[in-house]
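# Structural overview for review
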Amino acid sequence: MSLTFHWFLPTNGDSRHVVGGGHGAPGTPSGQDRPPTVAYLSQIARAAEDLGFTGALTPTGAWCEDAWLTTAMVSQNTERLRFLVAFRPGFVSPTLAAQMASTFQRQTGGRLLLNVVTGGESHEQRAYGDFLDKDARYRRTGEFLHVVRELWQGRTVDLAGEHLRVEDARLARLPDPVPEVYFGGSSPIAGEVAARHADVYLTWGEPPAQVAGKIAWIRELAAGQGRALRFGIRLHVITRDTSEQAWAEANRLLDGFDPETVRSVQEGLARSESEGQRRMLALHGGSGADLEIHPNLWAGIGLVRGGAGTALVGSHTEVAERIKEYHALGIEEFVLSGYPHLEEAYWFGEGVLPRLRAQGLWRHPNGRPSAAPAPAPFAAAGSPR
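### With respect to the layout of surface pockets
A probe as big as a water molecule, rolled over the atoms, marks out the empty space that is left. Of the pockets and cavities examined, the largest pocket occupies roughly 350 Å³. Of the residues forming the lining of the largest pocket, the biggest block, three residues, is contributed by strand S1 (residues 4-8). For the lining of the largest pocket, a count of residues per class yields seven nonpolar, six polar and seven charged. Estimated volume of the second largest pocket: approximately 240 Å³. Secondary-structure elements contributing two or more residues to the lining of the second largest pocket are helix H2 (67-74) and strand S3 (82-87). Among the residues forming the lining of the second largest pocket, the class breakdown is nine nonpolar, two polar and three charged.

Okay, here's the thing in structure tokens:
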């Protein structure tokens, strides 16, 4: 089966430096270098579409633009690219959410993928009027997904749950196709929800041994429900013609981290309730030393950014090899990003994807031939970026 690659729409702004935010981390001024306008995000989306990415993830939270509205607008400037819309259950009713998804499918030609984010930070949830604790939020997510999935199948739903209640709920028009549900989480209750309701389980970019443990855990839980899931991973990428050029770029990003910003961000992230965020923090311990935690896996991004905090760094060949390593564990989908997102999409799309295609591991979604592995598309070798 061909590997699937998704890119990322930076709805919190973009830059040639790392843009912070998420999971208690404050946004950073670099996010204003390239504001997240529809025009700029559409430029990234069209590039991703042309290069052969299947979809594009958009984040959710108070630190970025709304994912539903933004992707609805950007979709009108693309033809094939799907949108992995991050969505938090509990802020709207499950019936309305199912209807919104159905509308999105009709208006975009079936290009919605749903990334369900329960919400790991109580203080942010309370700002939206949600005062449940973390475990209760996950139980509500389970009820929410039960209702939504039943509605998408054309069934009438009555539910008097612990957190949600609907009576005689039904959709007048069903989504075609039914959106796939992507879901992540590292706590025990998150695993239970994923096993029952997800189509794709997403993990942040931990070292392969840890990822293998997560996959085995979720597979066992899903098998207990009589289900089988696909697996995906969320990573940043810094890929260049040579390993030296890639690590020079990683070091340039690291040199741009203000020590006070790192301290402030790490203090905020240390208060996170997210088990996944705790695991990300443990990879670097707040220190800029020893950040290569596995060959070509760099934990530097997590010093100033919440959520996904690791990057694949290396030559195009090395990055392709690391992707193959994760694929051997069972990872089929890769959700990637890089700073800035427009240029890095080309570095990966013109440098790594042709190598994977030559090995029979990837094909362009349009079936079109891809360029042969090429030198740097934007700058001469070794030039600053």
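### Quick look at the side chain of Arg305
In this fold, Arg305 is placed in the loop between strand S11 (297-298) and strand S12 (311-315). As a buried residue without a salt bridge, Arg305 has its nearest oppositely charged side chain in Asp14, at a separation of 9.5 Å. Among the polar contacts made by the side chain of Arg305, one reaches the main-chain carbonyl oxygen of Ala308 at a distance of 3.2 Å. At 3.3 Å, the side chain of Arg305 forms a polar contact with the side chain of Tyr339. Those residues within four positions of Arg305 in sequence are excluded, and the remaining contacts are Phe8, Val18, Val19, Gly20, Gly21, Trp63, Arg234, His236, Val265, Leu269 and Tyr339.

### Some thoughts on the confidence of the model for the protein chain
Of all residues in the protein chain, 95% have pLDDT values of 70 or greater, and the mean over the chain is 93. Below a pLDDT of 50 lies the segment residues 374-385, which in the model reaches 21 contacts outside its immediate sequence neighbourhood of four places, other chains included.

### Some thoughts on the pairing of strand S6 (residues 165-169)
Two elements, strand S5 (residues 157-160) and S6, share three bridges in a ladder whose sense is antiparallel. If you follow Leu159 over to S6, its bridge partner there is Val166. Counting the residues that bridge the hairpin from S5 to S6 gives four residues.

### Here we look at empty space enclosed by the protein
As enumerated under the stated definition, the model contains three cavities of 30 Å³ or more in all. If you add up the space inside the largest cavity, you get close to 700 Å³. Together, 38 residues line the largest cavity, and His23, Asn115, Val117, Trp204 and Gly307 are the ones closest to its centre. Within the residue set of the lining of the largest cavity, elements represented by two or more residues are strand S2 (55-58), strand S4 (112-116), helix H5 (134-152), strand S7 (181-184), strand S8 (200-204) and helix H10 (275-284). No other element matches the three residues that S8 contributes to the lining of the largest cavity. For the lining of the largest cavity, the per-class residue count stands at 13 nonpolar, 17 polar and eight charged.

### What to know about the environment of Ala86
Looking at the element boundaries, Ala86 is found in strand S3. For Ala86, a relative accessible area of 3% puts it in the buried group. Along the primary structure Ala86 and Leu113 are separated by 27 residues, whereas in three dimensions their C-alpha atoms are 8.8 Å apart.

Definitions and limits used
Here the residue numbering is sequential within each chain, running from 1 through the sequence in written order. The predicted origin of the model limits local features to residues at a pLDDT of at least 70 and limits the giving and counting of side-chain atom pairs to 80 or more, whereas totals for whole chains, interfaces and linings rest on all residues. Hydrogen atoms and water are omitted, and side-chain values are computed over all heavy atoms in the structure. The method works on a 1 Å grid over the protein atoms by themselves. A cavity is a set of points holding a 1.4 Å probe that cannot get out, a pocket is an open set with protein on both sides within 12 Å along at least five of seven lines, and residues with an atom within 4 Å of a point line them. Grid points are joined across faces, edges and corners, and a volume is the space filled by probe spheres set on the points. By the criteria applied, helices consist of DSSP H or I runs no shorter than four residues and strands consist of E runs no shorter than two, each listed in order from the N terminus. All residues other than Ala, Val, Leu, Ile, Met, Phe, Trp, Tyr, Cys, Pro, Asp, Glu, Lys and Arg, Gly among them, are scored as polar; the first ten of these are nonpolar and the last four charged. Relative accessible area decides the class of each residue, using a 1.4 Å probe on protein chains only: under 20% of the type maximum gives buried, over 50% gives exposed, and in between gives partly exposed. None of His or the chain ends enter the tally, which takes Lys and Arg as positive and Asp and Glu as negative. The salt bridge definition used is simple: a Lys or Arg side-chain nitrogen within 4 Å of an Asp or Glu carboxyl oxygen. Pairs of N or O atoms within 3.5 Å make up the polar contacts considered here, provided that, within protein, one atom can donate a hydrogen while the other can accept it, and that residues adjacent in sequence are counted only when both atoms are side-chain atoms. For this analysis, residues touch if any pair of their heavy atoms sits within 4.5 Å. For every residue, the predictor assigns a confidence score, pLDDT, that lies between 0 and 100. In this analysis, strands are considered paired if DSSP registers two or more bridges between them.

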